[in-house]
Amino acid sequence: MEQLLLYLDLIAPMSQALKEHLAVIIKFKNFLRNEYLLKPGQYGNEIMFLDKGLVRCYYVKQEGEREREITRWLLKESDVIVSLNSFYTNNPSMEYIQAIEETHVGFIKRAELEFIYDNYPEFNRHGRLLSIKYQLVWDHFIYGHVMQNAEERFEWLLKTHPDLINRVPGKYLASYLGMDEATLSKTKKKILRQ
């Protein structure tokens, strides 16, 4: 709890009343390695703060007789986990969210978040700044997949999240970077040799 409150206070200072309210409503869950936080068809009505661990968000694409997993997010300690479309539209999720490592999260329900926005207007700043943070990450992710080659995407990951290279299984990392495992292996060897 303290780590989450400290993290939120670093984004923007919070009043004592808001901290006390959050301390009462935030609940915690543990997920084992490979356990799902959310699957397609389920409702993602919680926003989670990743206290410990690593998760991936992915879709499954049908390609003829074969299915292919497409990883679109890798989230680690101090990241926020939410199935945006499901959370804000109250529609069933279209994505999987899976723990890659043993994972511990703090969470609140959508109704609780709305209550906080209405009764603690200062928290709207947190929501806006976190939205900007993840929009910029997503913007760069899309830019990388459209404008950068495999080496440039790997170099970006090495620069921004070097710990993921050893924490994430190769098939998930390759999918996240928009390449196959063979290309990832070749790219990784070439860049790390330099």
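Conventions and cut-offs
Residues numbered from 1 in each chain as written. Predicted model: local features only at pLDDT ≥ 70, side-chain atom pairs only at ≥ 80, totals over all residues. Heavy atoms only, no water. Helix = DSSP H or I, 4+ residues; strand = E, 2+ residues; numbered from the N terminus. Buried < 20%, exposed > 50% of the residue type's maximum accessible area, 1.4 Å probe, protein only. Polar contact = N/O pair within 3.5 Å; in protein donor to acceptor, adjacent residues only side chain to side chain. Contact = heavy atoms within 4.5 Å. Pairing = 2+ DSSP bridges. Phe/Tyr/Trp six-rings, centres within 6.5 Å; stacked < 30°, edge-to-face > 60°. Lys NZ or Arg CZ within 6 Å of the ring centre and 35° of its normal. Arc of directions from axis to C-beta. Core = buried A, V, L, I, M, F, W, Y, C linked by side-chain atoms within 4.5 Å.

1. Things to note about the side chain of Thr-71
Among the secondary structure elements, Thr-71 is positioned in strand S5 (residues 66-76). Of the residues examined, Thr-71 reaches a relative accessible area of 1% and is grouped as buried. At a separation of 3.4 Å, a polar atom in the side chain of Thr-71 contacts the side chain of Arg-56. Not counting chain neighbours up to four residues away, the residues in contact with Thr-71 comprise Arg-56, Cys-57, Tyr-58, Phe-141, Tyr-172, Ser-175 and Tyr-176.

2. Some remarks on the pairing of strand S3 (residues 46-52)
With six of its seven residues buried, S3 lies for the most part within the structure. With six bridges connecting them, S3 and strand S8 (residues 103-109) associate as antiparallel partners. The residue of S8 that forms the bridge with Ile-47 is Ile-108. Sheet topology places S3 next to strand S6 (residues 80-81); two bridges connect them, and they run antiparallel. Across the sheet, the residue bridging to Phe-49 is Val-80, located in S6.

3. Examining the packing of aromatic side chains
In this structure the tally under the stated criterion is nine aromatic pairs. Taking 4.8 Å as the distance between ring centres and 10° as the angle between the ring planes, the aromatic pair formed by Tyr-58 and Tyr-96 counts as stacked. One end of the pair, Tyr-58, is in strand S4 (residues 54-63); the other, Tyr-96, is in strand S7 (residues 96-99), and 38 residues separate them in sequence. Judged by its relative accessible area of 1%, Tyr-58 falls in the buried class. For the ring pair Phe-87 and Tyr-88, a centre distance of 4.9 Å and an interplane angle of 85° mean the geometry is edge-to-face. Look at Tyr-88 and you get partly exposed, because its relative accessible area is 47%. One aromatic cluster is present, formed by Trp-73, Tyr-134, Trp-138, Phe-141 and Tyr-176 through successive ring pairs. A cation sits over an aromatic face here: Arg-56 above Tyr-58, 3.6 Å from the ring centre.

4. Some remarks on the environment of Ile-132
Within the secondary structure, Ile-132 is located in helix H5 (residues 123-147). For the pair Ile-132 and Gln-194, spaced 62 residues apart in the sequence, the C-alpha separation amounts to 34 Å.

5. Re helix H2 (residues 16-25)
Of the positions making up H2, those classed as buried are Leu-18, His-21, Leu-22 and Ile-25. Axial view of H2: buried residues confined to an arc of 100°, hence all on one face. Facing away from the buried side of H2, by more than 90 degrees, are the exposed residues Gln-16 and Val-24. Looking at the buried side of H2, the elements it contacts are helix H1 (2-11), strand S1 (27-31), S8, helix H4 (110-119) and H5.

6. A word on the pairing of S8
Counting buried residues in S8 gives six out of seven residues, a clear majority hidden from the surface. Inspection of the sheet shows S1 paired to S8 by five bridges, in the antiparallel sense. The residue bridging Asn-30 from the neighbouring strand is His-104, located in S8.

7. Structural notes on the nonpolar core
Among the nonpolar cores identified, the biggest contains 36 residues, and Leu-22, Leu-37, Val-55, Leu-75, Ile-81, Ile-116 and Phe-123 are the most heavily contacted of them. Ranked by size, the runner-up nonpolar core spans 19 residues in total, among them Leu-54, Ile-100, Ala-150 and Trp-156.

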